[in-house]
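# Remarks on the overall topology
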Amino acid sequence: MSEIRIAAETRTEFGKGAARRARRAGFVPGVVYGHGHAPVHLNLPGHDLMMALKTPNALLVVPIEGKDEYVLPKAVQREAIKRTIEHVDLLLVKRGEKVTVEIPVLTEGELAPGGNLLEHVLQALPIEAEATHLPEAVTVSVEGLEAGASIHAKDIVLPAGVTLAVEADAVVLQVIAAQAAPVEEEAEEAEGAEA
């Protein structure tokens, strides 16, 4: 995963009024914490941050007290209607440090014929990896799987240096048979109800 540099500035004003002023100026208030350091309050450029957060577990490089630091987004608060970013919590990480994150589970291939459905039991897979080498996602082949088949966490091939942070027997994906009443029966039931 590549590093995304964000030009942040230290925030000196606090409270709702200061946060609103920052948002009007195109910034997103944020806080960086971790490694026993006192929390550092920042204003981050809103558009740059929005673009960076389109990548899951984006590794950001932000200037903190004159030094570039690695941070991972920990919590992102969005406005309910417009979905704009209101606030972001960032976790300070170091090169070589192992972190636990969740990565999206993507699928490829077609299920066996017969109207089966694929259920994502886990939308994201918890993993542990070095903070500067986090995979963006993991892809699983579901080619030809039939109803009743399932894919467990241990069945997923992970990149080198990445380990599971969930039980190996945890079900990630499963194929279920479609359960729909035949159209003829539904029509007969509707006629019976009218009579």
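All figures in this text were calculated on a predicted structure; none of them were measured in a lab. (Residues numbered from 1 in each chain as written. Predicted model: local features only at pLDDT ≥ 70, side-chain atom pairs only at ≥ 80, totals over all residues. Heavy atoms only, no water.)

For the rest of this paragraph, the subject is the overall build of the protein. When its secondary structure is counted, the protein shows 3 helices and 14 strands. For a compact globule of 195 residues, the expected C-alpha radius of gyration is about 16 Å, and the protein comes in at 23 Å, more than 25% above that figure. Counting only C-alpha atoms and orienting by the principal axes, one finds that the protein spans roughly 75 × 50 × 25 Å. A total of 195 residues make up the protein; the buried ones form 33% of that total. Long-range contacts, defined as pairs at least 24 residues apart, comprise 62% of the intrachain contacts of the protein with a sequence gap of at least 6. (Helix = DSSP H or I, 4+ residues; strand = E, 2+ residues; numbered from the N terminus. Rg over C-alpha atoms; globule rule 2.2 N^0.38 Å. Buried < 20%, exposed > 50% of the residue type's maximum accessible area, 1.4 Å probe, protein only. Contact = heavy atoms within 4.5 Å.)

Our next topic: the environment of Val99. Within the secondary structure, Val99 is located in strand S8 (residues 98–108). Sequence separation between Val99 and Leu72 is 27 residues; the distance between their C-alpha atoms is 9.6 Å. If near-sequence neighbours (up to four positions away) are discounted, Val99 is found in contact with Leu72, Val93, Ile127, Glu128, Ala129, Ala131 and Leu134.

Moving on: the side chain of His87. Tracing the backbone shows His87 in strand S7 (residues 85–93). Look at His87 and you get buried, because its relative accessible area is 17%. A distance of 3.3 Å separates a polar atom in the side chain of His87 from a polar atom in the side chain of Asp89. Each residue touching His87, except ones within four places of it in the same chain, is listed here: Arg11, Val28, Pro29, Gly30, Val31, Ala75, Val76 and Gln77. (Polar contact = N/O pair within 3.5 Å; in protein donor to acceptor, adjacent residues only side chain to side chain.)

Its place among the elements puts Glu110 in the loop between S8 and strand S9 (117–120). Each C-alpha atom, one on Glu110 and one on Val142, is 6.3 Å from the other, the two residues being 32 residues apart in sequence. Among residues more than four places away in sequence, those in contact with Glu110 are Val142, Glu143 and Gly144.

Structurally, Asp89 can be placed in strand S7. Salt bridges are absent for the buried Asp89, whose nearest opposite-charge side chain, Arg11, sits at 7.6 Å. Once residues lying within four places of it in the same chain are set aside, the contact partners of Asp89 are Val31, Tyr33, Leu72, Pro73, Lys74 and Ala75. (Lys, Arg positive; Asp, Glu negative; His and termini not counted. Salt bridge = Lys/Arg side-chain N within 4 Å of Asp/Glu carboxyl O.)

What follows concerns helix H1 (residues 16–24). Every buried residue belonging to H1 is among Ala18, Ala19 and Ala22, and all of these are buried. Axial view of H1: buried residues confined to an arc of 100°, hence all on one face. Away from its buried face by more than 90 degrees, H1 exposes Lys16 and Arg24. Looking at the packing, one finds that the buried side of H1 touches strand S3 (27–34) and strand S4 (37–45). (Arc of directions from axis to C-beta.)

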